[in-house]
Amino acid sequence: MHSNSHSPAPRSKILVFGAGNFGSCLADHLADSEHDVYMWSREADLVEYFNQHHKNLRYLKDHDFSTNIRAIGPALPEADLIKQMDVLLFAIPTDGVRSTLNQLRPRLDEANLPLLIFVNKGIEVSSNALTLEIIAETCGKDIARVATFISGPSFAKEIVKRQPTMVSVASLSEAHAERASEVFHQPWFRCYTGNDPIGIELAGALKNVYAIAAGMADGLGYENNTRASLITRGLSEMTRIGTAYGANPLTFLSLAGVGDLFLTCSSPTSRNYTVGFRLGKGETLEEIIRTLGSVAEGVTTAKGLKAVVDDLGVAAPIASGVYEVLYEGKDVEERARWLMALPPVRELELPEKAGVPMRHLMKKLGLDT
Ligand SMILES: NC(=O)C1=CN([C@@H]2O[C@H](COP(=O)(O)OP(=O)(O)OC[C@H]3O[C@@H](n4cnc5c(N)ncnc54)[C@H](O)[C@@H]3O)[C@@H](O)[C@H]2O)C=CC1
Ligand SMILES: O=C(CO)COP(=O)(O)O
């Protein structure tokens, strides 16, 4: 008999790396979906407290977590535990991915590889690399070709309350994207699959920089017209950069693109928006980072993005303005006036010469036919 309802995914053994807001929230979602969940943290006190109280000592402190999650750490898990896993989920900031994968690589059995899912949203500071490239460099091209990426409008604080949420899931291997979607998909958490992981990654990383810009505008006291314009021009800018990189322009209309851009540019729940808002109110970046209590990846990504944009030679005035405030000591209000005083341009323009970074990456992955 045909049914439209979703049949439950087979029960999987899942190891989540990272026990911050997003790692612990996703561990909770997966455990609630009947999977067996392990959650690794590098913080020994968090591990002990979590296993005793089913509460996270530092993040989402009010939430009662599923008793079906076992916290482990601070040492990274050994090969015998990893061998038992169907899924490894990475929920650590982009700048921690390379060292984590370097340590894990010898413990992975390539003949029996678990499904790898990445949910970080950023560009690595030291290399300007996206996560797909980091995976290729640390784990090899065969593992990178089947790695999967989840991104979209998904505040951890709302997922733990089971607010209806929808995300994009992408991989160069659509079969693997479908597996990742099956692991996560629930009536309160819908997944939409695709085959443009570079586009999904760029969208997730770049929206954090535009969220800082939107927060700055709100902090300066500008109102709804300004925010809506910034979101739209941010989308235009992010699509131009992504297309020049080699991503599919349509990806920027996805949940990971405009969906997450809209979310983070319009809510104080976003840490990136909050960084911008506080800068707009006159606080220093150092003070904001010291007191934020959680990562705002847009701050480091603005640096990597500046290098990427300069390399691609595309116009990205909003991203440049954010970079100049964060790293060149420019005044927020002066940069806002500078943006408004730029000469008029055609509204929608995609770059003619596109795809050089993507072609380099595909070559690294042995997909340059
Ligand atoms: N919080 C949210 O609503 C969402 C977050 N994300 C992304 O997920 C990633 C993680 O973010 P959050 O969990 O919110 O950050 P967080 O600041 O709440 O927690 C970060 C976690 O990563 C660990 N960590 C930090 N550096 C590490 C390193 N070098 N090696 C190993 N572990 C390290 C920390 O100990 C902590 O457990 C970020 O890329 C973020 O952009 C994506 C969607 C939603
Ligand atoms: O990516 C997010 C929600 O989709 C979280 O945004 P912030 O990192 O700005 O809090």
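What this report covers is the structure whose coordinates are included nearby. On a predicted model such as this, the values are computed, not experimentally measured, just so you know.

### Thoughts on the sheet that holds strand β8 (residues 189–194)
Link 1 in the chain: One open sheet holds the eight strands; their spatial order is β3-β2-β1-β4-β5-β6-β7-β8, and the pairing between them is mixed. Looking at which strands have only one partner, the edges of the open sheet turn out to be β3 (69–72) and β8. Geometrically, the sheet is characterised by an average inter-axis angle of 25 degrees between neighbouring strands, direction not taken into account.
Link 2 in the chain: Note: strand β6 (residues 148–151) against strand β7 (residues 165–171), four bridges, orientation antiparallel. The residue bridging F149 from the neighbouring strand is A170, located in β7.
Link 3 in the chain: Sheet strands touched by helix α11 (residues 255–265): β6, β7 and β8. Its angle to β7, the strand with the most contacts, is close to 145 degrees.

### Some points on the packing of helix α9 (residues 197–220) against helix α14 (residues 298–312)
Link 1 in the chain: In contact at an axis separation of 8 Å, α9 and α14 are set at 110 degrees when each is read in the N-to-C sense. The orientation of α9 relative to α14 falls into the category roughly perpendicular. In this structure, α9 uses A205, L206, N208, V209, A211 and I212 to contact α14, whose residues at the interface are G298, T301, A302 and L305.
Link 2 in the chain: Considered class by class, the residues forming the contact of α9 with α14 number seven nonpolar, three polar and no charged.

### Focus: the site of ligand 1
Link 1 in the chain: Close to ligand 1 lie 26 residues, the nearest being G20, N21, F22, G96 and N120.
Link 2 in the chain: For the shell around ligand 1, the leading source of residues is helix α1 (residues 21–32), giving three residues.
Link 3 in the chain: Broken down by class, the residue content of the shell around ligand 1 amounts to ten nonpolar, twelve polar and four charged.

### Observations concerning the environment of N128
Link 1 in the chain: Among the structural elements, N128 can be located in the loop between β5 (115–118) and α5 (131–139).
Link 2 in the chain: We classify N128 as partly exposed; it has 17 C-beta atoms within 10 Å.
Link 3 in the chain: Taking the C-alpha atoms as reference points, N128 and P197, 69 residues apart in sequence, are found 16 Å from one another.
Link 4 in the chain: Discounting chain neighbours no more than four positions away, the residues touching N128 are I123, G304, A307 and V308.

### Things to note about the site of ligand 2
Link 1 in the chain: Taken together, 13 residues lie near ligand 2, and S154, T264, S270, R271 and N272 sit nearest.
Link 2 in the chain: Those elements giving two or more residues to the shell around ligand 2 turn out to be α9, α11 and α12 (271–280).
Link 3 in the chain: Built from parts of two domains, the shell around ligand 2 gets at least three residues from each of domain 1 (13–195) and domain 2 (199–349).

### Here's the deal with the pairing of β6
Link 1 in the chain: Both faces of β6 are covered, namely the face carrying T148 and I150 and the face carrying F149 and S151.
Link 2 in the chain: Relative to β6, β5 runs parallel, the two sharing two bridges. Pairing of I117 across the sheet is with T148, part of β6.

Analysis parameters
Residues numbered from 1 in each chain as written. Chains lettered and ligands numbered in written order. Predicted model: local features only at pLDDT ≥ 70, side-chain atom pairs only at ≥ 80, totals over all residues. Pairing = 2+ DSSP bridges. Helix = DSSP H or I, 4+ residues; strand = E, 2+ residues; numbered from the N terminus. Axes fitted to C-alpha atoms, helices over the stretch in contact; angles between N-to-C directions. Contact = placed C-beta atoms within 7 Å. Parallel < 35°, antiparallel > 145°, perpendicular 65-115°, else oblique. Nonpolar A, V, L, I, M, F, W, Y, C, P; charged D, E, K, R; others polar. Near = placed C-beta within 6 Å. Buried ≥ 20, exposed ≤ 12 C-beta atoms within 10 Å, placed from the backbone. Domains from an automatic or database assignment.

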